[in-house]
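# Residue-level structure breakdown
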Amino acid sequence: MPTETVYGLAADALDAQAVLRIFAAKGRPRFDPLIVHVAEVEQAWTVAQPSDRARRLAARFWPGPLTLVLPRRAVIPDVVTSGLETVGVRIPDHPLALALIRASGRPLAAPSANLFGRISPTTAEHVREQFASAVARVLDGGPCRVGVESTVVRPDPSPLILRPGGVTREQLEASLAEPVAIAERDARADHLPREAPGLLASHYAPRMPLSLREDGAPWPSDPTVARLAFSQAPPGAGPSEVLSPTGDLGIAAARLFAALRRLDATTATRMVAELVPETGLGQAINDRLRRAAGLG
Ligand code: AMP
Ligand code: MG
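Residues numbered from 1 in each chain as written. Chains lettered and ligands numbered in written order. Predicted model: local features only at pLDDT ≥ 70, side-chain atom pairs only at ≥ 80, totals over all residues. Heavy atoms only, no water.

## Quick word on the packing of helix 3 (residues 52-61) against helix 7 (residues 169-176)
- Interaxial distance between helix 3 and helix 7 falls to 10 Å at its minimum, and their mutual angle equals 120 degrees. Of the possible angle classes, the one that applies to helix 3 and helix 7 is oblique. Like other packed secondary-structure pairs, helix 3 and helix 7 cross with a definite hand, here right-handed. Between helix 3 and helix 7, the residues in contact are Arg53, Arg56, Leu57, Arg60 and Phe61 and Gln171, Leu172, Ser175 and Leu176, respectively.
- The class makeup of the residues in the contact of helix 3 with helix 7 is 4 nonpolar, 2 polar and 3 charged. (Axes fitted to C-alpha atoms, helices over the stretch in contact; angles between N-to-C directions. Helix = DSSP H or I, 4+ residues; strand = E, 2+ residues; numbered from the N terminus. Parallel < 35°, antiparallel > 145°, perpendicular 65-115°, else oblique. Left-handed = near helix turned anticlockwise from the far one by under 90°. Contact = heavy atoms within 4.5 Å. Nonpolar A, V, L, I, M, F, W, Y, C, P; charged D, E, K, R; others polar.)

In structure tokens:
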């Protein structure tokens, strides 16, 4: 199903057998918990126990790219949460996703619709390329508006970003009127049974090896090196993509995964990417680029 972040591979979150088929189709390890998608705030509280902070964040950011990690209720099977006592839940901001959830009458567990560890899909075509006949149907909702995954937040006991994403730290702090921490990679693992691959180095990876351009270093100019730039086209030879000529981080986020895929489809043998400014959505973009480069 399309969402505003990326395309998701959806199953009835209350049906353990259905959820197991998601793990099988993706080749996803069982210790990586799934996000549960609902259509209404009240439906969220049937799978998770809200706190004051959770209610406030839900009222401000749902529907939208914010996942809340909250104590789970017993209706959620262990396989969804990888045995954790918490569950990640959100309301996606996409009419087709909301229609599917309402039509099914169920919360839907939906990780990104890509093979484990690979680049997330932001168009229906990306999903078809990776899954061919392995999924029943692809709902085509057009290109994803946000283009990076949801921000995963554990609101209590004090607000912590477990994964940067489509809602920025600045927006969260403004809404809660208190500081919001970003978990370091090592600290993130404390909140999970093992390191969840959504948080791991070497995720969101293209097929060709990707390295990050050193600050201010010249771009390689060689047909065997594909180049991913933020706002200024790299000079010289070799395939390249510019995420946003105007330097707009929202546009850069929306174009990131498709640009990585296009470069990955060239005859280059490796890729070099530059980081974007580390503010706003830049934190989510840089997080994905570092992981694509195998750096936590
Ligand atoms: P995705 O692959 O986009 O579906 O995102 C799933 C990611 O959400 C996981 O890899 C975790 O990083 C995070 N997540 C989901 N549920 C939880 C949870 N209960 N506790 C902590 N993180 C979670
Ligand atoms: Mg994913």
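Additional details are given in the paragraphs that follow.
## What to know about the environment of Ser240
- Mapped onto the fold, Ser240 is located in strand 11 (residues 240-242).
- For the pair Ser240 and Glu149, spaced 91 residues apart in sequence, the C-alpha separation works out to 24 Å.
- Dropping the residues within four chain positions of it, Ser240 is found in contact with Arg227, Pro234 and Leu263.

## Structural notes on the side chain of Glu241
- Note on placement: Glu241 falls in strand 11.
- Side-chain polar atoms of Glu241 contact the side chain of Arg262, separated by 2.9 Å.
- Those residues in contact with Glu241 that lie beyond four places of it in its chain are Arg227, Leu228, Ala229, Arg255, Ala259, Arg262 and Leu263. (Polar contact = N/O pair within 3.5 Å; in protein donor to acceptor, adjacent residues only side chain to side chain.)

## What to know about the confidence of the model for the protein
- Of all residues in the protein, 94% have pLDDT values of 70 or greater, and the mean over the chain is 93.
- Taken together, the stretch residues 189-198 has pLDDT below 50 and engages in 27 contacts with residues farther than four places along the chain or on a different chain. (pLDDT = per-residue confidence, 0-100.)

## A short note on the sheet that holds strand 9 (residues 210-212)
- As summarised here, the arrangement of the 4 strands in space is 9-12-10-11, forming an open sheet in which the pairing is parallel. Looking at the sheet topology across the chains shown, the edges are occupied by strand 9 and strand 11. Shown here is a sheet whose adjacent strand axes are inclined to one another by a mean of 20 degrees, direction ignored.
- Pairing analysis gives 3 bridges linking strand 10 (residues 225-229) to strand 11, with the strands arranged parallel. By the bridge assignment for strand 11, Arg227 is matched with Ser240.
- Along the sheet, helix 10 (residues 282-292) makes contact with strand 9, strand 10 and strand 12 (270-273), crossing strand 9 at roughly 125 degrees. (Pairing = 2+ DSSP bridges.)

## Regarding the sheet that holds strand 1 (residues 11-12)
- Taking strand neighbours across the sheet as the criterion, the 8 strands line up as 1-5-2-4-3-6-7-8 in an open arrangement whose pairing is mixed. Only two strands of the sheet have a single partner each, and these edge strands are strand 1 and strand 8 (181-182).
- Sheet topology places strand 2 (residues 35-37) next to strand 4 (residues 86-90); 3 bridges connect them, and they run parallel. Considered in strand 4, the bridge of His37 is made with Arg90.

## Quick word on the environment of Gly147
- Structurally, Gly147 can be placed in the loop between helix 6 (124-131) and strand 6 (151-154).
- Separated by 30 residues in the primary sequence, Gly147 and Ala177 have C-alpha atoms spaced 27 Å apart.

## Overview of the nonpolar core
- If you look at the biggest cluster of nonpolar residues, it comprises 48 residues, and the most contacted ones within it are Val36, Leu57, Trp62, Leu66, Leu68, Val89 and Leu172.
- The dominant element in this core, judged by the number of residues it contributes, is helix 3, at 4 residues.
- Discounting chain neighbours no more than four positions away, the residues touching Val89 are Val36, Val38, Ala44, Val47, Ala48, Trp62, Leu66, Thr67, Leu68 and Leu70. (Core = buried A, V, L, I, M, F, W, Y, C linked by side-chain atoms within 4.5 Å. Buried < 20%, exposed > 50% of the residue type's maximum accessible area, 1.4 Å probe, protein only.)

## Some details on the packing of aromatic side chains
- Taken as a whole and assessed by the stated rule, the structure comprises 1 aromatic pair.
- Ring geometry for Trp45 and Trp62: centres 5.7 Å apart, planes at 40 degrees, overall tilted. With Trp45 in helix 2 (residues 41-47) and Trp62 in the loop between helix 3 and strand 3 (66-71), the pair connects residues that are 17 residues apart, well separated along the chain. (Phe/Tyr/Trp six-rings, centres within 6.5 Å; stacked < 30°, edge-to-face > 60°.)

## Comments concerning the pairing of strand 10
- Here strand 10 lies mainly inside the structure; 5 of its 5 residues are buried.
- Burial along strand 10 is two-sided: Val225, Arg227 and Ala229 facing one way and Ala226 and Leu228 facing the other are all buried.

## Looking at the pairing of strand 3
- Extensive coverage of strand 3 is indicated by the burial of 5 of its 6 residues.
- Pairing of strand 3 with strand 6, which is carried by 3 bridges, proceeds in the parallel orientation. By the bridge assignment for strand 6, Leu68 is matched with Val153.
- One ladder, built from 4 bridges, connects strand 3 with strand 4; its direction is antiparallel. When the sheet's bridge partners are listed, Leu68 is paired in strand 4 with Val89.

## A few points about helix 6
- Within helix 6, burial applies to Ala124, His126, Val127 and Phe131. End-on, the buried residues of helix 6 take up no more than an arc of 160 degrees, which puts them together on one face.
- On its buried face, helix 6 sits against helix 1 (16-26) and helix 9 (249-264).
- Backbone geometry just after helix 6 places Ala132 at a positive phi near 40 degrees. (Arc of directions from axis to C-beta.)

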